[in-house]
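Understanding the architecture of this molecule
Now for the letters of each chain:
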Amino acid sequence: MNFSRNTGFMLLGIWLIAKGLMPLLHINFSGSGTVLALLSAAAGVLLVFGK
């Protein structure tokens with residue numbers, strides 16, 4: 001198994017959980033959009049270049 005590919009899937013999972021739970025639990029902070037955007041970009045880069 002490739003470490004960067006596993007890391008990409010881990011970040012993708014964290015992003016999906018955070019994106020789904022934030023509206024349900026009414027969690028919001030000023031930088032949440034930026035944090036989620038960076039998390040999704042990092043996951044995408046690791047998945048694309050991890051192959």
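Before reading further, recall that the structure is shown in the block above.
In this convention, every chain numbers its residues from 1, walking through the sequence in written order. The model is predicted, so local features are restricted to residues of pLDDT at least 70 and side-chain atom pairs to those at 80 or more, both for listing and for counting; the totals for chains, interfaces and linings are taken over all residues. Hydrogens and water are ignored here; the side-chain numbers use all heavy atoms of the structure.

Points about the overall build of the chain
Helix and strand assignments follow DSSP, with helices taken as H or I runs no shorter than four residues and strands as E runs no shorter than two, numbered in order from the N terminus. Counting secondary structure elements, the chain contains 2 helices and 0 strands. Relative accessibility decides the category of a residue: with a 1.4 Å probe and only protein chains considered, values under 20% of the type maximum give buried, values over 50% give exposed, and everything between is partly exposed. The proportion of buried residues among the 51 residues of the chain is 18%. Computed by Shrake-Rupley with a 1.4 Å probe, the accessible areas treat only the displayed protein chains as cover when residues are assessed. As displayed, the chain has an accessible area near 3,900 Å², and 75% of this comes from carbon and sulfur atoms.

Examining unusual backbone geometry
Of note, the phi angle at H26 is positive, near 55°, even though the residue is not glycine. Mapping H26 onto the fold places it in the loop between α1 (3-24) and α2 (32-49).

Considering a nonpolar patch on the surface
Judged by side-chain polarity, I17, L21, L24, L25, I27, F29 and V35 come together as a nonpolar surface patch covering roughly 690 Å² of accessible area. With respect to the helices, strands and loops of the structure, L24 is situated in helix α1. According to the relative accessible area criterion, L24 is exposed, its value standing at 64%. Patch definition: residues above 30% relative accessible area lacking any salt bridge, with like charges linked at up to 9 Å and the nonpolar side chains Val, Leu, Ile, Met, Phe, Trp and Tyr linked at up to 5 Å. Note on definitions: salt bridges are taken to be side-chain nitrogens of Lys or Arg within 4 Å of carboxyl oxygens of Asp or Glu.

Brief notes about the environment of M10
Within the secondary structure, M10 is located in helix α1. On the accessibility criterion, M10 (55% relative accessible area) is exposed. Considering only alpha carbons, one finds M10 and A43, 33 residues apart in sequence, at a separation of 7.9 Å.

Description of α2
Taking 1.5 Å as the rise per residue, α2 with 18 residues should run 26 Å; its terminal C-alpha atoms sit 26 Å apart, in good agreement. Three or more residues of α2 are buried, namely S32, L36, L39, A43 and L47. Angular distribution of buried residues about the axis of α2 spans 65°; they occupy a single face of the element. Seen from the buried face of α2, the exposed residues on the opposite side, beyond 90 degrees, are T34, L38, V48 and F49. By this rule the span expected of a helix is its residue count minus one, scaled by 1.5 Å. It is the directions from the helix axis to the C-beta atoms that the arc portrays.

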